[in-house]
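Coordinate analysis (summary)
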Amino acid sequence: MVSLDGFIATHDGGIEWHVIDDNFGANTTDLLTSVDTLVFGRTTYELMASYWPTPAGIADDPVVAGYTNALRKVVV
């Protein structure tokens, strides 16, 4: 998920526009089951790495956590 200018956050670093609903969850699962590598910028990687492996991340969405934690990652 990235805008045409290569960013996910607003100019001040916010991601309030990012809405997580049932449709988003289904699309995320579909995406994660169809790839073998995730590509992140450093900041996004650090955010993901600080959440998905934790008990809270796993409890929040065990399917997404499982794929996110298991897939190979490339950080740019």
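My aim in this report is to walk through the structure given alongside it, one point at a time. Everything quoted here is computed from the prediction, not taken from an experiment.

Looking at the overall build of the protein
Within the protein, the secondary structure is distributed over four helices and two strands. Ordered by position from N to C terminus, the α and β elements of the protein give α-β-α-α-α-β. Taken against the 2.2 N^0.38 rule, which gives 11 Å for 76 residues, the C-alpha radius of gyration of the protein at 13 Å falls within 12% of a compact globule. Along the three orthogonal principal directions, the C-alpha set of the protein runs to about 30 × 25 × 25 Å. Every one of the 76 residues in the protein was classed for burial, and the buried ones make up 17%. Within the protein, counting contacts between residues at least 6 apart in sequence, those at least 24 apart form 59% of the total. Carbon and sulfur atoms form 62% of the exposed surface of the protein, whose accessible area is close to 5700 Å².

What to know about helix α4 (residues 62-70)
Residues lying three or four places apart along an α-helix face the same way, a consequence of the helix completing one turn every 3.6 residues. Buried residues of α4: Val-64, Ala-65 and Thr-68, and no others. Along the long axis of α4, the arc covered by the buried residues comes to 100 degrees, so they all point the same way. Facing away from the buried side of α4, by more than 90 degrees, are the exposed residues Pro-62 and Ala-70.

Brief notes about the side chain of Thr-68
Here Thr-68 lies in helix α4. By relative accessible area, which is 6% here, Thr-68 ends up buried. Every residue in contact with Thr-68, bar those within four places of it in the chain, is listed here: Leu-32, Leu-38, Trp-52 and Lys-73.

Considerations on a nonpolar patch on the surface
Together, Val-39, Val-74 and Val-76 give the surface a local cluster of nonpolar side chains, amounting to about 280 Å² of exposed area. Structurally, Val-74 is set in strand β2 (residues 72-75).

Overview of the packing of helix α1 (residues 22-32) against α4
For the pair α1 and α4, interaxial distance at closest approach is 10 Å and the crossing angle is 30 degrees. Considering their axes alone, α1 and α4 lie roughly parallel with respect to each other. You can see that α1 and α4 cross each other, and the crossing is left-handed. Mapping the contact onto sequence places Thr-28, Thr-29 and Leu-32 in α1 and Val-63, Val-64, Tyr-67 and Thr-68 in α4.

A closer look at the nonpolar core
Nonpolar side chains in soluble globular proteins generally cluster together in the buried interior. If you look at the biggest cluster of nonpolar residues, it comprises seven residues: Leu-32, Leu-38, Phe-40, Trp-52, Val-64, Ala-65 and Leu-71. If you list the elements that add at least two residues to this core, you get β1 (37-40) and α4. Setting aside anything within four residues of it in sequence, one finds Phe-40 in contact with Tyr-45, Met-48, Lys-73, Val-74, Val-75 and Val-76.

Rules of the game
- Residues numbered from 1 in each chain as written.
- Predicted model: local features only at pLDDT ≥ 70, side-chain atom pairs only at ≥ 80, totals over all residues.
- Heavy atoms only, no water.
- Helix = DSSP H or I, 4+ residues; strand = E, 2+ residues; numbered from the N terminus.
- Rg over C-alpha atoms; globule rule 2.2 N^0.38 Å.
- Buried < 20%, exposed > 50% of the residue type's maximum accessible area, 1.4 Å probe, protein only.
- Contact = heavy atoms within 4.5 Å.
- Areas by Shrake-Rupley, 256 points an atom, 1.4 Å probe, with all protein chains shown as cover.
- Arc of directions from axis to C-beta.
- Patch = residues over 30% accessible without salt bridge, like charges linked within 9 Å, V, L, I, M, F, W, Y side chains within 5 Å.
- Salt bridge = Lys/Arg side-chain N within 4 Å of Asp/Glu carboxyl O.
- Axes fitted to C-alpha atoms, helices over the stretch in contact; angles between N-to-C directions.
- Parallel < 35°, antiparallel > 145°, perpendicular 65-115°, else oblique.
- Left-handed = near helix turned anticlockwise from the far one by under 90°.
- Core = buried A, V, L, I, M, F, W, Y, C linked by side-chain atoms within 4.5 Å.

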